[in-house]
Amino acid sequence: MSWAGPDELFLSTSLASFLDKKLIVLLRDGRKLLGTLCSFDQFANVVLQNACERVIVGELYCDVPLGLYVIRGENVVLIGELDRERDELPAHMTWVSEAEIRKAEKAEKDLKDLKGSMRKRMEFLDFD
């Protein structure tokens, strides 16, 4: 068995510097989770304390509380530290309730689906 050199040691414990700090975690499915990193393992599985999902639709946003949250490492795309002294969002963003943001999400999805179905219906015209 060989011992890890300084480079390998730094790479394997790079999340250690984020322990007890507020982070944002971007997942493969596009969700953004915020919370305090309490634990992690060698597979990048992470545990967030006081976690919430930040949902953004247009200029509306909501932080949906999740509590203690375990994230499987294979779903993590990006982990970054948040600056506690700075405002996290631009001033033009408006906070709304969870019910309102879910309505806005549904309306956005319906509009996207409608555009997709209209595009499929118009393919027979073949404008190329």
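A few points on the structure. This one's a predicted model, so the numbers in the text were calculated from it and none came from an experiment.

1. Examining the pairing of strand S4 (residues 60-71)
Move 1: Sheet analysis places strand S3 (residues 46-57) next to S4, joined by ten bridges and oriented antiparallel. Residue pairing in the sheet places Leu 48 in a bridge with Tyr 69 of S4.
Move 2: Taking the residues between adjacent antiparallel strands as the criterion, S3 and S4 are bridged by two residues, where Gly 58 takes a positive phi near 65°.
Move 3: Across two bridges, S4 lies against strand S6 (residues 94-95) in parallel orientation. The residue bridging Leu 60 from the neighbouring strand is Thr 94, located in S6.

2. Points about unusual backbone geometry
Move 1: For Ala 44, which is not a glycine, the phi torsion comes out positive at approximately 65°.
Move 2: Mapped onto the secondary structure, Ala 44 falls in the loop between strand S2 (32-40) and S3.
Move 3: In this model, Asn 50 sits at a positive phi of 50°, which is unusual for a non-glycine residue.
Move 4: Looking at the element boundaries, Asn 50 is found in strand S3.

3. Section: the nonpolar core
Move 1: Formed by Leu 15, Phe 18, Leu 23, Val 25, Leu 27, Leu 33, Leu 37, Val 46, Leu 48, Ala 51, Ile 71 and Val 76, the largest nonpolar core amounts to twelve residues.
Move 2: Among the elements of the structure, strand S1 (22-27), S2 and S3 are those that each provide at least two residues to this core.
Move 3: Those residues in contact with Val 76, other than ones at most four positions away along the chain, are Val 25, Leu 26, Leu 27, Ala 44 and Ile 71.
Move 4: Listed in part, the seven residues of the second largest apolar core include Val 55, Val 57, Cys 62 and Ala 104.

Definitions and cut-offs
- Residues numbered from 1 in each chain as written.
- Predicted model: local features only at pLDDT ≥ 70, side-chain atom pairs only at ≥ 80, totals over all residues.
- Heavy atoms only, no water.
- Pairing = 2+ DSSP bridges.
- Helix = DSSP H or I, 4+ residues; strand = E, 2+ residues; numbered from the N terminus.
- Core = buried A, V, L, I, M, F, W, Y, C linked by side-chain atoms within 4.5 Å.
- Buried < 20%, exposed > 50% of the residue type's maximum accessible area, 1.4 Å probe, protein only.
- Contact = heavy atoms within 4.5 Å.

The analysis is restricted to geometry; functional conclusions fall outside its scope.
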